[in-house]
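What the coordinates show
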Amino acid sequence: MIEDWRHGGFGLYIHWPFCAAKCPYCDFNSHVAGVIDQKRWQAAYLSEIERAARETKDRVLNTVFFGGGTPSLMDPELVAAIIDKIRASWPQANDPEITLEANPTSIDSGRFRAFSEAGINRISMGMQALNDDDLRRLGRMHSVAEGRRAFEIARTHFERVSFDLIYARQHQTPEAWQAELREALGMAIDHLSLYQLTIEPGTVFGARHDAGKLKGLPEDDSSADMYLITQEICEEFGFPAYEVSNHARPGAESRHNLIYWRYGDYVGIGPGAHGRLTLEGRRHATDTPKQPGAWLEQVETRGNGEASRAPLDDAEQAIEYLLFAMRLSEGLDMQRFNAISGTPLDPQRVAYLEEIGMITQEQGRIFATKSGRPVLNAILRELIP
Amino acid sequence: MRHGVQSLFPAPIFPCIRAPMTDLDRIRNFSIVAHIDHGKSTLADRLIQLTGTVAERDMKEQLLDAMDIERERGITIKANSVRIEYPAKDGKTYILNLIDTPGHVDFAYEVSRSMQAVEGSLLVVDASQGVEAQTLANVYQAIDADHEIVPVLNKIDLPAAEPDRVKEQIEDVIGIDASESVMISAKTGLGIPDVLEAIVHRLPAPKGERDAPLKAMLVDSWYDSYLGVVVLIRVMDGVIKKGDQIKMMKTGATYKLDRLAVLKPKMVDIAELGPGEIGVFTASIKQVRDTKVGDTITHEKRPCVTALPGFKPSIPVVFCGLFPVDANDFEALRDAIEKLQLNDASFSAEMETSAALGFGFRCGFLGLLHLEVVRDRLEREYDLDLITTAPSVVFKIHMKDGEVRELHNPADMPDLTYVDHIEEPRIKATILVPDEYLGDVLKLCQDRRGIQMDLTYAGSRAMVVYDLPLAEVVFDFYDRLKSVTKGYASFDYQITEYREDHLVKMSILVNDEPVDALSIMVHRDRAEARGRAMCEKLKDLIPRHMFKIPIQAAIGGRVIARETLSAMRKDVTAKCYGGDATRKKKLLEKQKAGKKKMRQFGKVEIPQSAFIAALKMDE
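Residues numbered from 1 in each chain as written. Chains lettered and ligands numbered in written order. Predicted model: local features only at pLDDT ≥ 70, side-chain atom pairs only at ≥ 80, totals over all residues. Heavy atoms only, no water.

**Re the side chain of Ser30(A)**
Residue and element names in this part refer to chain A. Residue position: Ser30 is located in the loop between strand S1 (10-16) and helix H1 (38-56). Side chain to side chain, Ser30 and Lys22 meet in a polar contact 2.8 Å long. Apart from the residues lying within four places of it in its own chain, the contact partners of Ser30 are Pro17, Cys19, Lys22 and Gly69. (Helix = DSSP H or I, 4+ residues; strand = E, 2+ residues; numbered from the N terminus. Polar contact = N/O pair within 3.5 Å; in protein donor to acceptor, adjacent residues only side chain to side chain. Contact = heavy atoms within 4.5 Å.)

**Focus on the interface of chain A and chain B**
When the parts of a complex come together, some accessible area is lost, and that lost area is often taken as the interface size. Opposite the 46 residues of chain A that make contact, chain B presents 28 residues. With both sides pooled, the region where chain A packs onto chain B buries about 3600 Å², and carbon together with sulfur makes up 55% of that total. On the surface where chain A and chain B come into contact, there are five salt bridges. The residue Asp221(A) makes a salt bridge to Arg569(B) at a minimum N-O spacing of 4.0 Å. On inspection of chain A and its partner chain B, the count reaches 14 residue pairs in polar contact (both at pLDDT 80 or more). For the side of chain A that touches chain B, the secondary-structure elements that each account for two or more residues are strand S6 (191-196), helix H9 (220-236), helix H10 (255-261), helix H12 (314-325), helix H14 (347-355) and helix H15 (376-383) of chain A. Among the elements that make up the side of chain A that touches chain B, the one with the highest residue count is H15(A) (seven residues). Considered class by class, the residues forming the side of chain A that touches chain B number 23 nonpolar, seven polar and 16 charged. (Buried area = accessible area lost by both parts, 1.4 Å probe. Salt bridge = Lys/Arg side-chain N within 4 Å of Asp/Glu carboxyl O. Nonpolar A, V, L, I, M, F, W, Y, C, P; charged D, E, K, R; others polar.)

**Looking at the sheet that holds strand S14 (residues 359-362) of chain A**
Spatially, the three strands line up as an open sheet ordered S13-S15-S14 (chain A), and their pairing is antiparallel. Lying at the two open borders of the sheet, with one neighbouring strand each, are strand S13 (332-333) and S14 of chain A. (Pairing = 2+ DSSP bridges.)

**Digging into the nonpolar core**
By size, the foremost hydrophobic cluster in this structure holds 161 residues, and its most contacted members are Tyr45(A), Phe66(A), Ile82(A), Ile120(A), Phe163(A), Met326(A) and Leu332(A). The two domains that each donate at least three residues to this core are domain 1 (4-260) and domain 2 (314-385) of chain A. Contact partners of Ile120(A), with chain neighbours within four places excluded, come to Phe66(A), Val79(A), Ile83(A), Ile98(A), Thr99(A), Leu100(A), Phe115(A) and Phe158(A). Counting 50 residues, the second-largest nonpolar core is a separate cluster that includes Phe347(B), Phe395(B), Val464(B) and Leu470(B). (Core = buried A, V, L, I, M, F, W, Y, C linked by side-chain atoms within 4.5 Å. Buried < 20%, exposed > 50% of the residue type's maximum accessible area, 1.4 Å probe, protein only. Domains from an automatic or database assignment.)

Purely spatial values, then, with no claim about function.
Structure (structure tokens):
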């Protein structure tokens, strides 16, 4: 029997924790630092890659993803050194996907050629809005015009360029979003990530929201309408959703993110990076110190950047597979779920969710329907054993 | 109930009083009438303390209120008694028997029996607060029992005390002479000797024939885990001795007396009790329900001719369903109810099955306080989590064939085609309120189908008397009253009669299925407004589901109100990225645990709290 992770593949995530400025909505592990000794960081990343490779040698590496923070602020030499090290450490798939997240400012786009030469073959751009007022409100430092320029530069250097938009923003009407989305789909190549603005605790928006000062956020009903409109328009343009918030022309999906959602194995390197690693037949969850300085120091002094490594029992793995897989349009493979969990999903609850039109079963898979996807959490609450 | 006190003195060896029986004119039997917090328990403590009845080291506050709930709420639930020996200033030593009565209307019958067992009362009034509604009800009971009444003004040490105003109020409102009120501060002990002298010289001695056949009143009884059922009695005529073969005249049961004792307040064995005396006995009685308060006790061999008047068994008037939150706790609930019933015969329980709530019990209580006390005890002493359904009263259903059925649960309402008419219990409610809140109180009473019977003033306080349906009072009337009067009103009631009215059963349908636990009996003219209010409430109380849910109120097959709870539109995590599922997993698992606090009803989950909250009326 093959190990379960092979259904999803094997990827590597590199976390670059720094941003030029922190955005008010962002709850990712990002930090603003004055001077960054990129050489020192390089040594740490390379050491961690070496360590991870020792445990997973002979595995074919399918994808690499530079996330952040703002990885487009990394020196191209640093990116090149990391990619070289990766190539030397694992056998590569024929067509490895190596993505880097980028901000669409002129500073970042000035490095695109160098990133391409370093081995990056896919860019995921934080466009966020096609409206200057909203970009300012979201704390973004680029204008729409600058963003478009950066996008054009990127497509001259990379075959695959995706961008993110945030919607259901303050004072945004469904009509305005519809127009903006059509514009975005007009310029998109083959992939778009469309996230509804979520107010997270611990962010500037979270605090303003708690204080009642974040005005004009759409009501649930209105953001639900926007979600539905988004699905329709994207399908019309040939960009169906393959995940809750991700749209692509068939075949152009983010393969790295698919590894998460198909519950493959992934190594997480860098401050606050999470990993799932199957070692000696048991899947482990790993994480690392969130503070950049703490991670760096730990790698330097101990030669190991992990903060914890915990084996996951069958039930925990089954829940994780369920939570991830149900986000995908292709849904969950029930046979695979049974093999992980040892106990199938409650057939009564599955039948009930099917009866009320929230999920469908087809060829041994279950997936959320069009009406089910906007209330996926409610479906998951039913299905979690 | 008394085992709280018993456990203070667990030693099984009791001293024995061998002194000859006391002359009638050396006995004084009395009770204390007071409103909550006016100082009844503190005064009782002082009397016990000053006469050395309890050693200083054994003193603790509210000696006579043994239950935690009694101490916490400052109320007395069971009657209790203490025998005090008092060497008076005239050089003679008197036996003073205090019967501490439950002060609450729920226990009005028990109060009336206790009153019949003594000859006089101390009327304790807080000199800074004045007479309250509850005081009135109890003082009238004392007057009905032909008591000599000694007014006692407590808390005269407080700066806010207005003894003259309060004396005037006692004379105006109650109509007794207050000129010779005893002025005390139970807290500091000021005036306590005067109270003892007043008991001896102003209250009458009991009467009774020593040679007549035994006639004793069963005043109260309770279950003690060491001794079994303990019976509190007042001897009217004759003499009762340890080993006597006795007979309960109402139940016909006979017993042999194991032990005879007086309470000081711990049990002290005594050889015999004669006329005028108060004491307790045990006789291998298994359950409290075998002893009926007000019953007459006599000798089996030489019985008295007539029983004491006024016997009436206590009948539950308020019913509600008690269900375990966790269905697995049903057996534990059954055990707990059985144990509690050992000690509380007035609390009834029958198994009930609710489609919404599963297995539970339909329980009957003497009133709302009794309901709360029993529920608190079940939850606290037996560590149970309970769902309480809306309290309902007992309706009398007159069927067309002449049969009269008692309806304890609206869900059991028979088909209307066979029903001739329905009667409901009415109460006489007395409310005392500062006049600035009078309008709000009148509006509240009118809204609850009240008929005004009287309105008088005592100073700046109004006394309002209303004829109200008990059904309109059992739920949240008292809460509403407190809220509209900022807590300044006092309220008391007694059940007067059953009266016909246009009552209908209103059902609530959630997602087209009737939810039995939400059915209520309601006046026809108010059904629509009530139904609309309940549907609106439920719409807020039930969380959105993945589908839309109609919520309807119906009388028979006719829908009188309807709301629609729209389907949940959006509940999805936009970004689940970077491979960390831990946070999302924790969140969903927490939400999943929250679902367990709901009751599955068909496809709909209803939070437990909704079953009571849906009925609250915000006026």
